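Each chain, letter by letter, is given below.
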Amino acid sequence: MNTDSIINLLLYTIPALVTGLIAFYFFKEHTKNEDGRRRFLLKKDMQVNSMPLRLQAYERMALFLERISPSKLLIRVQPMSADKNDYELLLINNIEQEFEHNLSQQIYVSDECWSIITTAKNATIQLIRKASMLEKTKTANELREVVLSEMMEKRAPSDAALSYIKEEVGDMW
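Bear in mind the structure is a predicted one, so any value in this text is a computation, not a measurement.

**So, the packing of helix α4 (residues 111-133) against helix α6 (residues 157-172)**
In step 1: One way to put it is that α4 packs onto α6 with a least axis distance of 8 Å and a crossing angle of 165 degrees. When the axes of α4 and α6 are compared, the pair comes out roughly antiparallel. For the pair α4 and α6, the sense of crossing is left-handed. Two secondary-structure elements touch here, α4 through E112, C113, I116, I117, A120, A123 and T124 and α6 through P157, S158, A161, Y164, I165 and E168.
In step 2: Tallied by class, residues from the contact of α4 with α6 come to nine nonpolar, two polar and two charged.

**Some details on the environment of Q106**
In step 1: Within the secondary structure layout, Q106 lies in the loop between α3 (84-101) and α4.
In step 2: In this structure Q106 comes out as partly exposed when scored by relative accessible area, which is 36%.
In step 3: On a C-alpha basis, the gap between Q106 and Y58 in space is 9.4 Å, while along the polypeptide they are 48 residues apart.

**Considerations on the pattern of salt bridges**
In step 1: A full pass over the atoms with the stated rule returns six salt bridges.
In step 2: A salt bridge links R37 to E34, with the nearest nitrogen and oxygen atoms 3.1 Å apart. Placement of both R37 and E34 in helix α1 (residues 3-68) is noted, with a separation of three residues, approximately one turn of the helix.
In step 3: In this structure E34 comes out as partly exposed when scored by relative accessible area, which is 23%.
In step 4: The shortest N-O distance in the salt bridge between E150 and K154 comes to 3.4 Å.

**A few points about the packing of aromatic side chains**
In step 1: According to the stated counting rule, one finds three aromatic pairs in the structure shown.
In step 2: Ring pairing ties together the aromatic residues F64, F99 and W114, which thus form one cluster.
In step 3: Its end group placed over the ring of F99, K121 keeps NZ or CZ at 4.5 Å from the ring centre.

**Let's talk about the side chain of K121**
In step 1: Its place among the elements puts K121 in helix α4.
In step 2: Discounting residues that sit within four places of it in the chain, K121 has contacts with F64, I68, I95, E96 and F99.

Analysis parameters
Residues numbered from 1 in each chain as written. Predicted model: local features only at pLDDT ≥ 70, side-chain atom pairs only at ≥ 80, totals over all residues. Heavy atoms only, no water. Axes fitted to C-alpha atoms, helices over the stretch in contact; angles between N-to-C directions. Helix = DSSP H or I, 4+ residues; strand = E, 2+ residues; numbered from the N terminus. Parallel < 35°, antiparallel > 145°, perpendicular 65-115°, else oblique. Left-handed = near helix turned anticlockwise from the far one by under 90°. Contact = heavy atoms within 4.5 Å. Nonpolar A, V, L, I, M, F, W, Y, C, P; charged D, E, K, R; others polar. Buried < 20%, exposed > 50% of the residue type's maximum accessible area, 1.4 Å probe, protein only. Salt bridge = Lys/Arg side-chain N within 4 Å of Asp/Glu carboxyl O. Phe/Tyr/Trp six-rings, centres within 6.5 Å; stacked < 30°, edge-to-face > 60°. Lys NZ or Arg CZ within 6 Å of the ring centre and 35° of its normal.

What follows is the structure, given as structure tokens:
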């Protein structure tokens, strides 16, 4: 082979390599953009489909918080006897049962929201237990009166959690 044939070979090979590299780069970028577009459309579609489920979960958690609000709980759950300990257990069991019924909703709400809801539940139970331990509380009806008077003086723990849910749902739009 002489130098003329080597130069001719290089004159054909170099432009072919450059064209090949440019084509590879453009196809790689095009594939990457298409993949990103598909992911965006899939995520958008999932959000549209999951939005009703998330809203339903927030609705159920709002209903849970309303149901465990001490003022509403005491009206809904009547004492079966005059024993304050039996009534205390009845109230706490009612709260726990409501909570267990809604456990699956934690999948659809944020971790912070779930933590606030759990804290509200525990604070409500603690409020009932503290009222039951007071010396002036001797009967189930007195327990109801003490808890209701406590709610007159300060906000129910479930109110703060309900406010947080409303704020979080408002941020979804």
